[in-house]
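Results of the structural survey
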Amino acid sequence: MSIRKAKKLPGQIGQENMLDIPRMDLAIIIPFLEKYGGAERLLIECLSRWQDRHDITLYSTKINERLLEEHGVKDIVKRTLLSSYFEGEHSMLLNALLLPKMWQEEIGHHELYHTHLWPTHLVDLHPMVWYPHEALRILHDLRFDQNVENVGQDASRNIHIYPKYNYDRIGDSVYEAYLSSIDTMDKAVRPERIVANSRYSAKYLESVYNTSVADVVYPGVEPEAFIELPTDPNLFVTIGQLWPHKRINLLIEAIALTDDTQLIVIGAGPEKENLQAMTRKLGVEDRVFFLSGLTNWELSLVLARACAFLFAAIKEPFGIVVLEAMAAGKPIIAVDQGGYVEACQPDYSFLIPPFPSAFAEKITYLQRHPEIAERMGEAGRQIAPRFTWEKTASELESLLIDTWQEEQSSKAHRQATLQDGQTLVGIQYYLWYGEGFGASHWNDDPRHGYVADKPLLGYYASTKGQIIEFHFDLFEQMGLDYVALNLHVDITGVNGLELMGIQHVFDIAKKRNSQLRFAIQLAPYAESTKELEKVIQLVQKLYVDHPNYFYLDDKPVLFWFWSTAFDGNQKLFSSLSAMTAEFANLAMSLRLPQKDNESNLTFDFFKGFAPFSPLELADKSNWEKVWNAAYQASKRAGMTYRIATISPGYNDQALDDERRTGNPYRNIDRDNGQTYRRAIEFIRTLKLPPHLVMVSTFNEFHENTHIEPSIMHGTQYIDMTAEFVKDIKGESINGEN
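Residues numbered from 1 in each chain as written. Predicted model: local features only at pLDDT ≥ 70, side-chain atom pairs only at ≥ 80, totals over all residues. Heavy atoms only, no water.

In this section: the nonpolar core. With 96 residues, the main nonpolar core has Leu58 and Phe309 as its most contacted residues. The next biggest cluster of nonpolar side chains, apart from the first, holds 95 residues, and it includes Ile536, Met694, Val695 and Phe724. (Core = buried A, V, L, I, M, F, W, Y, C linked by side-chain atoms within 4.5 Å. Buried < 20%, exposed > 50% of the residue type's maximum accessible area, 1.4 Å probe, protein only.)

Below, the structure written as structure tokens:
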């Protein structure tokens, strides 16, 4: 199938172009999809046009199915509810800082994340295209425009953060502290692309986030949705949520300065009572009317009867309602600030200062000159079709596809650098250690936790950042290409300590801009497909799209510590194959691969197979013979990747585990590095060099296979490994020669 660059998609995507559009697995995230605001309208219009072209999952805290049904959004768009907004003390801070991170854990794995409104960008899932509609304006231009009340002896502010329906009441003593904390978090995440709804908004976003916002997609309108009725020259209308920054109060004052005019205010919000009280005080309660919850048809009826549309919002990012008024054939009287100004021309709009008297003057002028109002309305009606929902959806879809394709290209480049014809050298890394002697895996259990040789770092905690950073330094010093991160899984689920350590590894790799690649190694200790499926989904969601995940031939690698306990279990392997279809599954096993019978044991599940602990397989007089047999057997079994393992030594005699007593090779002496050197020399003699070499291990201290600097061995094995990696980098993979 031919796929062209998305930026070249036409303004309207017709049936003839459908086959050219790549199908994406797309997540769309919006805080609320319940009321009919501008952001919600834009998203619904796009959904109705994208739903048959992409696999879409919609995430929101609330979803109004009636709105989706009204616009023909079908059940093929999956719906998933996210954790609800906090209420009560400190809810503003919790909703800004904690809630997006909770959403991040609840959102599944997708190819592209399209986020709407603040703070959805803080879910920090990538690649991401963020359409903010507006930034968190309370941090910037509305910071000092919040309602202030006296509560007892303290002042407090009524804070509104769109799209919430209510205020957060914030004491003045913590107001600046809240905003400072939120401001820091707000700028900590960088979406791959930010799309503005106007050039005005783009400039605003650039100033806030100190990044280029080059893409602008205007909202749209359906010109044919509006009707014509006899116009009442005394009737004016405004549409907007009833918040202070919409300045409905300014329009009410303007009406009070005119004669015989009426204003219909369409919208809801917590300022309604205050605004109604204001109409009574100004003596215009019989000329200002409040409506809410109108259908599109009812809205069209009201606009059709009006003489003109009024709009006075403070620095509105765009203002879809202005387009709707233009499509309805109504002149615009609006403040001269905001994104909608880019759609307004003098032929059909008055752009004026935010003064009640200025609005009153223009209202009176059109009231007295209905022929001019009609002429201006018709001019606006002619311009409105330049801003259609079809165009909005098409342009935004083009940017989504463009971002997705750039990510696919970047991923392919990442993978190609790891498959450049060289042997790749990696290491087994264990993140299961708690802090201090007697903690997890530090002499905590005589059966499997005894440690005889102490690391130079002391009894460290694997999750600590400074420990991981130090280990990164050693990995990079050795010139390693990849690291296998062990993750123990049993009937109770994953090892929580390892999982937290793994997350820290990926976070630190990104922070360091490291060239190292990391892959998960699952160690299944129970035949629980349910738990395995959960952890595989977790790996897919959290790690496979991370820039530091280890890929081979376009597939993320999943290592398996294979104990042989599940050999021959065809039902289990059938389930595992379905769960891991996108992975390259590689076994690090306690047994040799079977060249003629492996398909009956593991059913072609593994694409590579190597001994986890090569020194335990035979007497040292037969090592090379057995290693070579293992190496050749995996190839003859039809596996894709040749893998060899090297290990410095082995000694588990101090472990009091009856399951180990039958092993005749419980103590393989290191021989001052000669055991390790022997394995290295074996690699050098192979006619077909390995695709992968695995060092087993970096820090498995219980079986004394570690090369991490320690009291007994110092940095000897780090130095030997660095020398080996430097030498082998010149040995290319010769394919099938």
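Here the narrative resumes, following the displayed structure.
So, about the packing of aromatic side chains. As enumerated under the stated definition, the model contains 43 aromatic pairs in all. Consider the rings of Phe472 and Phe475, whose centres lie 6.4 Å apart with planes at 45 degrees: the pair is tilted. Of the two residues, Phe472 and Phe475 both sit in helix α13 (residues 465–478), three residues apart, roughly one turn of that helix. The two residues Phe472 and Phe475 agree in class, both being buried. Taken together, the ring pairs in this structure connect Tyr429, Phe472, Phe475, Phe506, Phe518, Tyr543, Tyr549, Tyr551 and Phe698 into an aromatic cluster. (Phe/Tyr/Trp six-rings, centres within 6.5 Å; stacked < 30°, edge-to-face > 60°. Helix = DSSP H or I, 4+ residues; strand = E, 2+ residues; numbered from the N terminus.)

Next up on the list: the pairing of strand β11 (residues 193–196). With burial as the criterion, each face of β11 is covered, one bearing Arg193 and Val195 and the other bearing Ile194 and Ala196. Pairing of strand β7 (residues 128–131) with β11, which is carried by two bridges, proceeds in the parallel orientation. The residue of β11 that forms the bridge with Trp130 is Ile194. A crossover connection joins β11 to the parallel strand β12 (residues 215–216) through helix α5 (residues 199–209); in handedness this β-α-β unit is right-handed. (Pairing = 2+ DSSP bridges. Right-handed = clockwise from strand over helix to strand, strands pointing away.)

Our next topic: a nonpolar patch on the surface. A surface patch of nonpolar side chains, about 280 Å² in accessible area, is lined by Leu229, Trp297 and Leu301. With respect to the helices and strands, the residue Trp297 is situated in helix α8 (residues 296–305). (Patch = residues over 30% accessible without salt bridge, like charges linked within 9 Å, V, L, I, M, F, W, Y side chains within 5 Å. Areas by Shrake-Rupley, 256 points an atom, 1.4 Å probe, with all protein chains shown as cover. Salt bridge = Lys/Arg side-chain N within 4 Å of Asp/Glu carboxyl O.)

Now for unusual backbone geometry. Pro119 follows Trp118 through a cis peptide bond whose omega is 10 degrees. Its place among the elements puts Pro119 in the loop between β6 (112–116) and β7. Cis geometry is found at the peptide bond from His126 to Pro127, where omega equals 0 degrees. Tracing the backbone shows Pro127 in the loop between β6 and β7. We note that Asp260 has phi near 65 degrees; this positive angle belongs to a residue other than glycine. Its place among the elements puts Asp260 in the loop between α6 (248–256) and β14 (262–266). For Asp554, which is not a glycine, the phi torsion comes out positive at approximately 70 degrees. Among the structural elements, Asp554 can be located in the loop between β23 (551–552) and β24 (555–562). With relative accessibility at 54%, the residue Asp554 sits in the exposed group.

What the seven strands build is an open sheet, ordered β5-β3-β1-β6-β7-β11-β12; its pairing is parallel. With partners counted over all chains shown, the strands left at the sheet margins are β5 (78–81) and β12, one partner each. Strands β7, β11 and β12 of the sheet are contacted by α5, whose axis makes an angle of about 140 degrees with β11. (Contact = heavy atoms within 4.5 Å. Axes fitted to C-alpha atoms, helices over the stretch in contact; angles between N-to-C directions.)

Below, the discussion takes up the sheet that holds strand β15 (residues 288–291). Spatially, the six strands line up as an open sheet ordered β15-β14-β13-β16-β17-β18, and their pairing is parallel. Both outer strands of the open sheet, β15 and β18 (349–352), are each paired with one neighbouring strand and no more. Across the sheet, the mean angle from the axis of one strand to that of its neighbour is 20 degrees, orientation sign disregarded. By the bridge criterion, four bridges tie strand β17 (residues 332–335) to β18 in an arrangement that is parallel. When the sheet's bridge partners are listed, Val335 is paired in β18 with Ile352.

Within the secondary structure layout, Arg169 lies in strand β10 (residues 168–171). In this structure, the C-alpha to C-alpha distance between Arg169 and Gly88, residues 81 residues apart in sequence, is 9.1 Å.

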